Amino acid sequence: MGIAWGECVIIDLPDLDGVQIVWHPAYAARLLIDSWPVDHGRAYGTAINACADAMVGICLGERARIAFIAAINEAKIDLLA
């Protein structure tokens, strides 16, 4: 699953009921793969790779968190925190 992030990311995905509170790169990767409104884009691909790397300890979780936020911005998803 990877180490929990020091600060969660809260987003509102249109296809899911309620907001999603993301603490781990594994959950971020699951959202990117299963529930993301777009399945392309530079930030999208970078976020999937960074989350996968963080899950196996190749990169720091904070790098995955930053990449996930970039994918949020790229997809124009509401970032609540």
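As the structure is a prediction and not an experimental result, all values here were calculated from the model.

Focus: the sheet that holds strand S2 (residues 20-22)
- Taking strand neighbours across the sheet as the criterion, the three strands line up as S2-S1-S3 in an open arrangement whose pairing is antiparallel. Since the sheet does not close on itself, it has two edges, and those belong to S2 and strand S3 (78-79), each with one partner.
- Note that strand S1 (residues 9-12) and S3 share two bridges and pair antiparallel. Across the sheet, residue Asp12 finds its bridge partner in S3, namely Asp78.
- Strands S1 and S2 of the sheet are contacted by helix H1 (residues 25-34), whose axis makes an angle of about 135 degrees with S2.
- The sheet strands contacting helix H3 (residues 61-74) are S1, S2 and S3, and the helix crosses S1 at an angle near 20 degrees.

Structural notes on the side chain of Arg65
- Of note, Arg65 is situated in helix H3.
- At 2.8 Å, the side chain of Arg65 forms a polar contact with the backbone oxygen of Glu7.
- When residues no more than four places from it in sequence are discounted, the contact partners of Arg65 are Trp5, Glu7, Cys8 and Val9.

Here's the deal with the packing of aromatic side chains
- Applying the stated criterion to the full structure yields two aromatic pairs.
- Here the aromatic rings of Trp5 and Phe68 are separated by 6.0 Å at their centres, their planes lie at 40 degrees, and the arrangement is tilted. Here Phe68 lies in helix H3 and Trp5 lies in the segment before S1, a separation of 63 residues in the sequence.
- Trp5 sits in the buried class, given a relative accessible area of 4%.
- The exposure class of Phe68 is buried, given its relative accessible area of 0%.
- Both rings, one in Trp36 and one in Phe68, keep their centres 5.5 Å apart while their planes meet at 45 degrees; by these two values the pair is tilted. A residue pair is termed long-range when its members are at least 10 positions apart, and Trp36 in the loop between H1 and helix H2 (42-55) and Phe68 in helix H3 qualify at 32 residues.

Calculation notes
Here the residue index of a chain counts from 1 through its sequence in written order. Only residues with pLDDT of at least 70 get local features here, since the model is predicted, and only at 80 or more are side-chain atom pairs given and counted; chain-wide, interface and lining totals rely on the full set of residues. With hydrogens and water excluded, all non-hydrogen atoms of the structure serve as input to the side-chain values. At least two bridges found by DSSP between two strands are what make those strands a pair. Only DSSP runs of H or I reaching four residues or more are called helices, and only runs of E reaching two or more are called strands; each is numbered from the N terminus. Contacts are assigned to residue pairs with any non-hydrogen atoms lying within 4.5 Å of each other. Between the N-to-C directions of two axes lies an angle of 0 to 180 degrees, each axis being a line fitted to C-alpha atoms and, for a helix, fitted only over the stretch in contact. The term polar contact refers here to a pair of N or O atoms within 3.5 Å; inside protein, the definition further demands a hydrogen-donor-capable atom paired with an acceptor-capable atom, and it admits residues adjacent in sequence only when both atoms are side-chain atoms. Aromatic rings from Phe, Tyr and Trp, taking only the six-membered ring of Trp, are treated as a pair when their centres fall within 6.5 Å; an angle between ring planes under 30 degrees marks them as stacked, one over 60 as edge-to-face, and anything in between as tilted. Each residue's exposure class comes from its accessible area (1.4 Å probe, protein chains only) as a fraction of the maximum for that residue type: buried when under 20%, exposed when over 50%, partly exposed otherwise.

No statement about biological role is implied by the geometric values presented.
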